[in-house]
Amino acid sequence: MQVKQTVQQMMLAGVHFGHKQKNPKMTPYIYTEKDDLQIIDLLQTYKYLRNASQFLFEACQNGQQILFVGTKKHISKCIEQTATECNSWYINKRWLGGLLTNLNTMQKSISAAATLQPVGLQQYVSASYTAPSEGRQVTEQSHSQNALTKKEVARLERRKKRLQKYLGGVKTMSKLPDIVIIIGQQKEINAVRECQKLKITSLTILDTNCDPSLTDLFIPANDDSLASVNFILNQLSKAIKEGKRKKKEKKYVK
């Protein structure tokens, strides 16, 4: 009964709709072709989703850390919400090359994203006024001998916004993740390659035009539809949160 209900929910979310293009390696996971679209076998999706959920549950129970990667504009908010709910890291705007393979260098930017605080113009901008006795312009430095000009403050504000935009989801990432969940294999191919190079376990939502040989674990599903991605991530999120809850329980028992 649970299988039937879940498959029906997946159909409503459009999980079964693939691309017109088909990677031959995805043939075992395709049910049929209809109206020039590849139709994914939802029974296979259900099986792989269950396996992936069990894997994530056990990994999180053992304290492993997860990074979500998905930079397609229409799913970026979904990535952020899911990762935040499970207290995990995420990249949802743009993959910066070397984020994993050159982590030591990237840590400087990540650290800046975490520590660069909003600055108030009144606090840092030098204030100019006319000295009553001398009738000349005098610069008073507000709160600091090294006060910043308005131009410098604006530059810092822009830098902070840029860092927050691209690295805000990993500002607490002090080490490599144990697992990377990838949504949109073709768009995130650089992340895929970095995971392969470092032998980091990857779990990917694979559409019909993707390559299953480029990932360790996968779920055959529509990776373009927001409803489909949201459904899959919601299931994975439950497994992650349950695994972390079990880990806390084991810690308290000790």
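The written sequence of each chain sets the order in which its residues are numbered from 1. pLDDT decides what is reported in this predicted model: residues at 70 or higher carry local features, side-chain atom pairs at 80 or more are listed and counted, and totals for whole chains, interfaces and linings draw on all residues regardless. To obtain the side-chain values, all non-hydrogen atoms of the structure were used and water was disregarded.

All right, on to unusual backbone geometry then. One non-glycine residue with positive phi stands out, namely D35, at about 50°. Each helix corresponds to a stretch of at least 4 residues labelled H or I by DSSP, and each strand to a stretch of at least 2 residues labelled E; elements are numbered beginning at the N terminus. Counting through the fold element by element, D35 comes out in the loop between β1 (30-34) and β2 (37-40). Accessible area is worked out with a 1.4 Å probe on protein chains only. A residue is then buried under 20% of its type maximum, exposed over 50%, and partly exposed in between. The exposure class of D35 is exposed, given its relative accessible area of 67%. In this structure, N87 is a non-glycine residue whose phi angle is positive, near 55°.

What follows is about the state of the cysteines. Two cysteine sulfurs form what is called a disulfide whenever their separation falls within 2.5 Å. By the definition in use, this model includes zero disulfides. Here C86 is not disulfide-linked; the sulfur of C60 is the nearest cysteine sulfur, at 7.7 Å. The class of C86 is buried, set by a relative accessible area of 1%.

So, about the side chain of T71. Turning to its location among the elements, T71 is positioned in the loop between β3 (66-69) and α3 (76-85). Reaching out from T71, the side chain makes a polar contact with the side chain of E188 at a distance of 2.6 Å. In this description, contact between two residues means that some pair of their heavy atoms is separated by no more than 4.5 Å. Setting aside its immediate chain neighbours within four residues, T71 contacts I91, N92, K93, R94, W95, K187 and E188. What qualifies as a polar contact is a pair of N or O atoms within 3.5 Å, subject to a donor-acceptor requirement within protein and to the restriction that residues adjacent in sequence count only when both atoms come from side chains.

To continue, consider the nonpolar core. By nonpolar core is meant a set of buried Ala, Val, Leu, Ile, Met, Phe, Trp, Tyr and Cys residues that side-chain atoms within 4.5 Å join together. If you look at the biggest cluster of nonpolar residues, it comprises 34 residues, and the most contacted ones within it are L56, F68, I181, I232, L233 and L236. Elements supplying a minimum of two residues to this core: α1 (2-13), α2 (42-61), β3, α3, β7 (179-183), β8 (201-206) and α8 (226-253). By residue number, the principal contributor to this core is α2, which donates eight residues. Apart from residues no more than four positions distant in its own chain, L236 is found in contact with L49, A52, S53, L56, I181, L203 and I219.

Grouping into patches uses exposed residues only, defined as over 30% relative accessible area, and leaves out salt-bridged ones; the cut-off is 9 Å for like charges and 5 Å for nonpolar side chains (Val, Leu, Ile, Met, Phe, Trp, Tyr). The Shrake-Rupley method, run with a 1.4 Å probe sphere, supplies the accessible areas, and residue values consider only the shown protein chains as cover. Just to be clear on terms, a salt bridge is a Lys or Arg side-chain nitrogen sitting within 4 Å of an Asp or Glu carboxyl oxygen. Asp and Glu are treated as the negative residues and Lys and Arg as the positive ones, with His and the ends of the chain left uncounted. Charged side chains are reduced to one point each, which is NZ for Lys, CZ for Arg, CG for Asp and CD for Glu. Taken together, K73, K93, R94, R162 and K165 make up a surface patch of like positive charges. In this structure, K165 sits in helix α6 (residues 150-167).

Right, let's get into the pairing of β3. Here β3 shows no split at all, with I66 and F68 on one side and L67 and V69 on the other all buried. Here a strand pair is declared whenever DSSP counts at least two bridges between the two strands. With four bridges joining them, β3 and β7 adopt parallel strand pairing. For L67, the partnering residue across the bridge sits in β7 and is V180. Each parallel crossover has a hand, and for β3 linked through α3 to strand β4 (residues 89-91) it is right-handed. Place the viewer so that the strands point away; then a crossover is right-handed whenever the path from the first strand over the helix to the second strand goes clockwise.

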